[in-house]
2 protein chains.
Amino acid sequence: MEKNIPYKTYLEESEMPKQWYNVRADMKNKPAPLLNPATLKPMTAEELGVVFCDELVQQELNTTDAYIDIPEEIRDFYKMYRPSPLVRAYCLEKALGTPAKIYYKFEGNNTSGSHKLNSAIAQAYYAKKQGLKGVTTETGAGQWGTALSMACAYFGLDCKVFMVKVSYEQKPFRREVMRTYGASVTPSPSETTNVGRKILAEHPGTTGSLGCAISEAVEVAVSSEGYRYVLGSVLNQVLLHQSVIGLESKAAFDKLGVKPDIIIGCAGGGSNLGGLISPFMGEKLRGEADYRIIAVEPASCPSFTRGKYAYDFCDTGMVCPLAKMYTLGSGFIPSANHAGGLRYHGMSSTLSQLYDDKLMEAVSVEQTKVFEAAQQFARIEGILPAPESSHAIRVAIDEALKCKETGEEKTILFGLTGTGYFDMVAYQKFNDGEMSDYIPTDDDLAKGFAGLPKVDL
Amino acid sequence: MEKNIPYKTYLEESEMPKQWYNVRADMKNKPAPLLNPATLKPMTAEELGVVFCDELVQQELNTTDAYIDIPEEIRDFYKMYRPSPLVRAYCLEKALGTPAKIYYKFEGNNTSGSHKLNSAIAQAYYAKKQGLKGVTTETGAGQWGTALSMACAYFGLDCKVFMVKVSYEQKPFRREVMRTYGASVTPSPSETTNVGRKILAEHPGTTGSLGCAISEAVEVAVSSEGYRYVLGSVLNQVLLHQSVIGLESKAAFDKLGVKPDIIIGCAGGGSNLGGLISPFMGEKLRGEADYRIIAVEPASCPSFTRGKYAYDFCDTGMVCPLAKMYTLGSGFIPSANHAGGLRYHGMSSTLSQLYDDKLMEAVSVEQTKVFEAAQQFARIEGILPAPESSHAIRVAIDEALKCKETGEEKTILFGLTGTGYFDMVAYQKFNDGEMSDYIPTDDDLAKGFAGLPKVDL
């Protein structure tokens, strides 16, 4: 086995990115703008400023500047847990007997357990800079809430997290991590907001959903002096911050003199995938290089592979702007059977446009196959992966096995977004052989699509 | 703030240690040998070989070779999660307003969550090399059991873990991680061993102890064809493997041109502390340099600061050899109130001898103060530390604050042995203000000392 390439490549501190890359600047077809649901006109900076911090609004609307400086305060925080390693999966290659060369960018080596911290610290920084008291947000599995709690603790901001009730109850430890960082955590839907009370009245006993928690967090942000709302995925600003993943990956590959053929990432709202692929996609858009780019989503929540490209609500309460995206409808909720994350009904508009322009592919995978890959990876590479990340592992292994058949020595890069240490309930189900698959029927999907807003532009 | 020193220093793969360092070779007063409890004669290699792998027995008895090669297979595994970073705690220094320079060696960036993997992979390797089917062990908090499960999965060895019953029940997620790696996990005491049945008959309803789980694991190892017992701390061989921590730290400091003044580590059985300090202690023993070395232990289990230096049993069932160590007596069990780890009644004989020779200091700290330091560190440095590691954080902060008073610019190194992601029950107690301190009375200690074996050499 050739080993001139180290197992792990870390950039030097001085080689870390000083600017984020904004892929929209290189897109010929820009992602569709957010719309005001009342007027169906594009949201103005002023309108967005009610919900989001001013500087983040500018980033959200900026489709022209390819590079945006990363403030020194954020770069200093990045230095505490970045650069993340670009890992050559020698042991996995050997176990699979594949001629493929497999690399992964590992974002799980920080207490939030995932890449979410990359955007959380940026959003907290701009909130602090604007002189705000605090921020509100929602969290499902808890990775985003944890990341934001850490970022807010660092900058001394108040942090109010609405946590999907079922996760609040099933993941008390995630909740405790957030509390340790000083955040307040409220199970959603709650009696503390109008939208929460309304949802509870209509659906007594509901265990909540991400869309519903978003509605509550937004309501509190817009009705509280000195607060704004922050979101951990889907938005363009988030993809911008997450570009640090791809930029570091590319810089490390350049140092090694390696060029990937296939780039694979899991996709829920698109924050990890968008960040990982951005500089590579930039080269592709500028005609400088070609890469096969694959989004992996769960078969139980197949926004790309079975969704519609349409304007839709981002939240259940319909208080947020409309976004054009691949979506299953804001009323779509994946089966409770689905333990593997990536449950959001929609998808980043930037990625949606790139997918619609056939610049990337998408595949869906079933959860038992995902956990098989997760277990295999854990035993071979020594990292217990998050269920979300394991979607990418599944497809990376599948592609590597295809190379074994064809004899091709392709170079595969996948994003290992995080660790599964707080997902052991799902692993236990798998270990006990009690995990099954769920694929929505066309009828299930039709119900979600029926709730799409009628937008005629 | 000077920042010519990076936040994190990683060695290159080529700079990683190729040999472990055996501090006993440089000790004038060697640690006392293990004794056969029946004959009170030093255990022979043959006798030890019934319990331990042959090559590990050689390492256990080797007090003369300063350097022992790390086999390539182990170095390859190390490359998957090592080198660990030597971190400059700029943010903590700033928050404390201290002129001290604080560094920590962070061993938590692997799925076992701690430094334990460094010895687990070595012990699994030698078991595999000897052609064994599997190994048995005990685990308390679960870090060692997890590490060993990972190592056994990597080499395809069977792994039987006896987990202290109270942990088995309170930490189902740790158990699931081990199961994910293919280990079998049995709550101890169990009905599967003679010693387990005896303890259950004498103490019905007992929630178990580490000493009791050790007895069960040893019984299964010696009575099963193709099995040996492995232990994650206390033993000389473990300190040898853990020397990789100190060797990497020293190599990184040398690269930076920095020399620490104070070295701080938490001490339960001594594996982390022994590993961290070994090359520095070597310099001290050889008269090449001087360092202030501080062992930190919980006030509720104060082996060094209030224990006796005497021969004692390593386990409750008294099936193991006798070791001379600072001990509270094998019958001593810390209050159930104590959540902060480091509960073992004894201490590595190597460290005990060094302490007795006044080559290092020891302090004990109360658990609420430890968790205050843990929370402060988490919020400032972004890593949620293990309760065990937080003992070292506590004293590092205290020493840095002393520097603030005196104006001394001391360089402090402490070992951050792991993360607290599976310790959120303890953090919850702290967050809820329900944590209190426990310090054993002299009478409590007298009961433990009364059980010390009468050894007259």
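Residues numbered from 1 in each chain as written. Chains lettered and ligands numbered in written order. Predicted model: local features only at pLDDT ≥ 70, side-chain atom pairs only at ≥ 80, totals over all residues. Heavy atoms only, no water.

S.K.: Would you explain the overall build of chain A in this entry?
M.R.: When you go through chain A residue by residue, the secondary structure sums to 18 helices and 15 strands. Its C-alpha radius of gyration of 21 Å places chain A within 12% of the 23 Å reference for a compact globule of 457 residues. Its C-alpha atoms give chain A principal-axis dimensions of roughly 60 × 50 × 45 Å. Within chain A, the fraction of its 457 residues that count as buried is 66%. Long-range contacts, defined here as pairs at least 24 residues apart, represent 77% of the contacts in chain A between residues at least 6 apart. As presented, chain A carries roughly 15,300 Å² of accessible surface, and 50% of it is formed by carbon and sulfur atoms. In chain A, the 47 positive side-chain charges and the 55 negative ones have mean positions that sit 2 Å from each other. (Helix = DSSP H or I, 4+ residues; strand = E, 2+ residues; numbered from the N terminus. Rg over C-alpha atoms; globule rule 2.2 N^0.38 Å. Buried < 20%, exposed > 50% of the residue type's maximum accessible area, 1.4 Å probe, protein only. Contact = heavy atoms within 4.5 Å. Areas by Shrake-Rupley, 256 points an atom, 1.4 Å probe, with all protein chains shown as cover. Lys, Arg positive; Asp, Glu negative; His and termini not counted. Charge placed at Lys NZ, Arg CZ, Asp CG, Glu CD.)

S.K.: I keep staring at helix α11 (residues 236-256) of chain A and nothing clicks. Help me out?
M.R.: Because an α-helix packs 3.6 residues into every turn, residues spaced three or four apart end up facing the same way. Residue and element names in this part refer to chain A. In this model, α11 (21 residues) spans 30 Å end to end at C-alpha, consistent with the 30 Å of a helix rising 1.5 Å per residue. The largest bend in α11 comes to about 30°, at Q242. The buried count for α11 comes to 17 of 21 residues, which makes it a mostly enclosed element. Immediately beyond the C-terminal end of α11, within one or two residues, lies G257, with a positive phi of roughly 70°. (Expected span 1.5 Å × (residues − 1). Bend = angle between axes of the 7 residues up to and from the residue.)

S.K.: Can you walk me through the interface of chain A and chain B in this structure?
M.R.: The extent of an interface is frequently quoted as the accessible surface area lost upon association of the parts. Residue-level contacts link 44 residues of chain A with 44 residues of chain B. Between chain A and chain B, the buried area comes to about 4,200 Å², and carbon and sulfur atoms account for 56% of it. Summed over the shared surface of chain A and chain B, the number is 2 salt bridges. Summed over the shared surface of chain A and chain B, the number is 22 residue pairs in polar contact (both at pLDDT 80 or more). Broken down by secondary-structure element, the contributors of at least two residues to the side of chain A that touches chain B are α3 (72-81), α6 (143-155), α8 (172-180), α15 (367-381) and α17 (424-431) of chain A. With 6 residues, α8(A) is the single largest residue contributor to the side of chain A that touches chain B. The class makeup of the residues in the side of chain A that touches chain B is 22 nonpolar, 9 polar and 13 charged. (Buried area = accessible area lost by both parts, 1.4 Å probe. Salt bridge = Lys/Arg side-chain N within 4 Å of Asp/Glu carboxyl O. Polar contact = N/O pair within 3.5 Å; in protein donor to acceptor, adjacent residues only side chain to side chain. Nonpolar A, V, L, I, M, F, W, Y, C, P; charged D, E, K, R; others polar.)

S.K.: What should I look at first to understand the packing of aromatic side chains in this one?
M.R.: Each aromatic ring pair is described using two quantities: the centre-to-centre distance and the angle formed by the ring planes. If you walk through the whole model with that rule in mind, you get 45 aromatic pairs over all chains. Aromatic pair Y103(A) and F253(A): ring centres 5.0 Å apart, planes at 75°, arrangement edge-to-face. In this pair, Y103(A) is assigned in strand β5 (residues 101-106) and F253(A) in helix α11, connecting sequence segments 150 residues apart. With respect to burial, Y103(A) and F253(A) carry one shared label: buried. For the pair Y78(B) and Y81(B), a centre-to-centre distance of 6.2 Å together with 80° between the ring planes defines the contact as edge-to-face. One end of the pair, Y78(B), and the other, Y81(B), are both in helix α3 (residues 72-81), 3 residues apart, so they sit about a helical turn from each other. Members of the aromatic cluster, each reached through a chain of ring pairs, are F77(A), Y78(A), Y81(A), Y125(A), Y126(A), Y154(A) and F155(A). Lying across the ring of Y168(B), R175(B) places its NZ or CZ 4.8 Å from the centre. Above the plane of the ring of F449(B) lies K308(B), whose end atom (NZ or CZ) is 4.5 Å from the centre. (Phe/Tyr/Trp six-rings, centres within 6.5 Å; stacked < 30°, edge-to-face > 60°. Lys NZ or Arg CZ within 6 Å of the ring centre and 35° of its normal.)

S.K.: Would you explain the pairing of strand β13 (residues 322-327) of chain A in this entry?
M.R.: Regular strands have side chains that alternate between both faces of the sheet. Residue and element names in this part refer to chain A. For β13, the buried fraction is high: 5 of the 6 residues fall into the buried class. Judged from the 6 bridges that link them, strand β12 (residues 308-313) and β13 form a sheet pairing that is antiparallel. Looking across to β13, one finds that F313 is bridged to L322. (Pairing = 2+ DSSP bridges.)

S.K.: Please clarify how the domain arrangement of chain A should be interpreted in this entry.
M.R.: All names here are of chain A. Looking at the assigned domains, one finds that chain A contains domain 1 (8-16 + 82-113 + 236-449) and domain 2 (20-68 + 116-229). A C-alpha centroid distance of 22 Å is found between domain 1 and domain 2. For the pair domain 1 and domain 2, the summed buried surface comes to about 4,000 Å²; carbon and sulfur atoms form 62% of the total. Considering only the surface of domain 1 that becomes buried against domain 2, Q237, H241 and F422 emerge as the three largest contributors, covering 18% of it. Summed over the shared surface of domain 1 and domain 2, the result is 2 salt bridges. As a salt-bridge pair, D26 and R286 come within 2.9 Å of each other at their nearest N and O atoms. Here domain 1 and domain 2 share 16 residue pairs in polar contact (both at pLDDT 80 or more) between them. (Domains from an automatic or database assignment.)

S.K.: What's the story with unusual backbone geometry in this structure? I'm lost.
M.R.: It is generally the case that most residues other than glycine have a negative phi and that most peptide bonds are trans. Residue and element names in this part refer to chain A. Backbone torsion omega between R82 and P83 reads -5°, so that peptide bond is classified as cis. Checked against the element boundaries, P83 lands in the loop between α3 and β4 (86-88). Located in the positive-phi region is L40, a residue other than glycine, with phi close to 60°. In this model, V234 sits at a positive phi of 65°, which is unusual for a non-glycine residue.

S.K.: What exactly am I supposed to notice about the sheet that holds strand β15 (residues 411-416) of chain B here?
M.R.: Whether parallel or antiparallel, the strands of a sheet pair through hydrogen bonds between backbone atoms. Residues and elements named next belong to chain B. Judged by pairing direction, the sheet is mixed, and its 7 strands sit side by side in the order β1-β4-β5-β15-β10-β11-β14 without closing on themselves. A single partner strand is all that each edge strand has here, and the edge strands are β1 (8-9) and β14 (361-365). Bridge analysis of β1 against strand β4 (residues 86-88) gives 2 bridges, and the strand direction is antiparallel. Residue pairing in the sheet places K8 in a bridge with V87 of β4.

S.K.: Would you take a moment to explain the pattern of salt bridges for this structure?
M.R.: For side chains of opposite charge, pairing can occur when their charged atoms come near one another. A full pass over the atoms with the stated rule returns 51 salt bridges over all chains. D158(B) serves as the salt-bridge partner of K160(B), at 3.3 Å between the closest nitrogen and oxygen. Accessibility expressed as a relative area gives 27% for K160(B), which makes it partly exposed. Each of R82(A), K105(A), E107(A) and E248(A) takes part in a single network of salt bridges with overlapping partners.

S.K.: What am I meant to see in the relation of the copies chain A and chain B here?
M.R.: Mapping chain A onto chain B leaves a residual RMSD of 0.0 Å; the transformation is a rotation of 180° accompanied by 0.0 Å of translation along its axis. The operation mapping one copy onto its partner corresponds to a two-fold rotation axis. No C-alpha of chain A lies nearer the rotation axis than that of N109(A), which sits 2.9 Å from it. In this assembly the copies share their binding face: 100% of the residues contributing to the interface of chain A also contribute to that of chain B. (Least-squares fit on C-alpha atoms with pLDDT ≥ 70 in both.)

S.K.: Would you explain empty space enclosed by the protein in this entry?
M.R.: By rolling a water-sized probe across the atoms, one finds the places where empty space is left. This model, assessed by the stated rule, comprises 14 cavities of 30 Å³ or more. Reported here for the largest cavity is a volume of approximately 320 Å³. F106(A), N109(A), Y81(B), N109(B) and N110(B) are, among the 31 residues lining the largest cavity, the residues nearest its centre. Only β5 of chain A together with α3 of chain B provide two or more residues apiece to the lining of the largest cavity. With 3 residues, the top contributor of residues to the lining of the largest cavity is α3(B). Broken down by class, the residue content of the lining of the largest cavity amounts to 17 nonpolar, 12 polar and 2 charged. Size it by volume and the second largest cavity reaches roughly 190 Å³. (1 Å grid on protein atoms, 1.4 Å probe; cavity = no way out; pocket = protein on both sides within 12 Å on 5 of 7 lines; lining within 4 Å. Points joined across faces, edges and corners; volume = space filled by probe spheres on them.)

S.K.: I tried to follow the sheet that holds strand β6 (residues 134-139) of chain B on my own but got confused; where do I start?
M.R.: Residue and element names in this part refer to chain B. A sheet is described by the order of its strands in space; here 4 strands give the open sequence β8-β7-β6-β9, paired in parallel fashion. Taken across any chain shown, the strands that pair with only one partner, and hence form the sheet edges, are β8 (184-188) and β9 (227-229). Neighbour-to-neighbour, the strand axes of the sheet open up by a mean angle of 25°, direction not taken into account. Across the sheet, helix α6 (residues 143-155) touches β6 and β7 (158-164), and the angle it forms with β6 is around 165°. (Axes fitted to C-alpha atoms, helices over the stretch in contact; angles between N-to-C directions.)

S.K.: I keep staring at α17(A) and nothing clicks. Help me out?
M.R.: Burial in α17(A) covers these residues: M424(A), A426(A), Y427(A), F430(A) and N431(A). The arc that holds the buried residues of α17(A), viewed along the axis, is 150°, so those residues lie on one side. Residues of α17(A) that are buried sit in contact with α15 and α16 (387-406) of chain A together with α8 (172-180) of chain B. Following α17(A) by one or two positions, G433(A) adopts a phi angle in the positive range, close to 70°. (Arc of directions from axis to C-beta.)

S.K.: Teacher, can you tell me more about the side chain of S335(B) here?
M.R.: If you trace the backbone, S335(B) turns up in the loop between β13 (322-327) and α14 (349-356). With residues near it in sequence (within four places) discarded, S335(B) still touches R343(B) and Y438(B).

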